[in-house]
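Report on the structure
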Amino acid sequence: NEQSYYYFMHEYLFEKVNINPEKTYLPDGTNLNSEEEAARYEALVQSLGTVDLQLLGLGRNGHIGFNEPGDHFEDGTHCVDEKKARSKTTEIYLFPYTTLSDLDDVPKQAYSMGIGTIMRSKKILLVVSGEEKAQALKDSIYGPVTPEVPGSILRFHPDVTIIADEAAMSLIK
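The rules behind each value
Residues numbered from 1 in each chain as written. Predicted model: local features only at pLDDT ≥ 70, side-chain atom pairs only at ≥ 80, totals over all residues. Heavy atoms only, no water. Phe/Tyr/Trp six-rings, centres within 6.5 Å; stacked < 30°, edge-to-face > 60°. Helix = DSSP H or I, 4+ residues; strand = E, 2+ residues; numbered from the N terminus. Buried < 20%, exposed > 50% of the residue type's maximum accessible area, 1.4 Å probe, protein only. Pairing = 2+ DSSP bridges. Axes fitted to C-alpha atoms, helices over the stretch in contact; angles between N-to-C directions. Salt bridge = Lys/Arg side-chain N within 4 Å of Asp/Glu carboxyl O.

**Points about the packing of aromatic side chains**
One pass over the full model with this rule turns up one aromatic pair. Ring plane angle 40° and centroid distance 4.9 Å describe the contact between Phe 8 and Tyr 12, whose orientation is recorded as tilted. Of this pair, Phe 8 and Tyr 12 are both found in helix H1 (residues 5-12), four residues apart, which corresponds to roughly one turn of the helix. Residue class for Phe 8 comes out partly exposed when judged on its relative accessible area of 31%.

**Focus on the sheet that holds strand E5 (residues 160-164)**
Spatially, three strands are ordered E1-E4-E5 in an open sheet, and the strand pairing comes out parallel. The outermost strands of the open sheet, each flanked by one partner alone, are strand E1 (53-57) and E5. Averaged over neighbouring strand pairs, the angle between their axes works out to 20° when direction is ignored. In this structure, E1 lies alongside strand E4 (residues 123-128), joined through five bridges in parallel fashion. Opposite Leu 53, over in E4, you have Lys 123 as the bridge partner.

**Regarding the pattern of salt bridges**
A full pass over the atoms with the stated rule returns five salt bridges. Here Glu 37 and Arg 40 are joined by a salt bridge, their closest N and O atoms 2.6 Å apart. Residue Glu 37 and its partner Arg 40 are both found in helix H2 (residues 34-47); the two are separated by three residues, about one turn of the helix. Residue Arg 40 is classed as partly exposed on the basis of its relative accessible area of 38%. With a shortest N-O distance of 3.5 Å, Arg 120 and Glu 42 are connected by a salt bridge.

Just geometry here; none of it tells us what the structure is for.
This is the structure we're talking about:
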């Protein structure tokens, strides 16, 4: 499905880099049993030892993966309810093949590696672009480490590289 994260990752990353497709792993969004799929994916990641490279973006609210701000850090892979209030602009931003007429087709749930799984990765590459993410980047780097800004936890990882454009860095002196 063009609205799926699976499609997005293949279209915009896996098909454009020299990577063995057999070495890429994504949760199965077609499995309707979210607890079963989250457990299967977490077990798969653990069976591989650990993630070599975790590629993350930073959301406008400081989220990483689909780990949204909250009152605690999720440890393992879990299903996130995306039914939180979103503007139509945000939905189209997140799902670039979406038009205003087919917003009902946008996925309402997503699987996410938990913060614990992410933090066990050998290396993390955080990519941030756009002025609308400047505050989230500043808070992630200089604010308190808190689940209210999930990206802030990355300060405890021993090997994180941040790639950010000037607009995203605009609030950092």
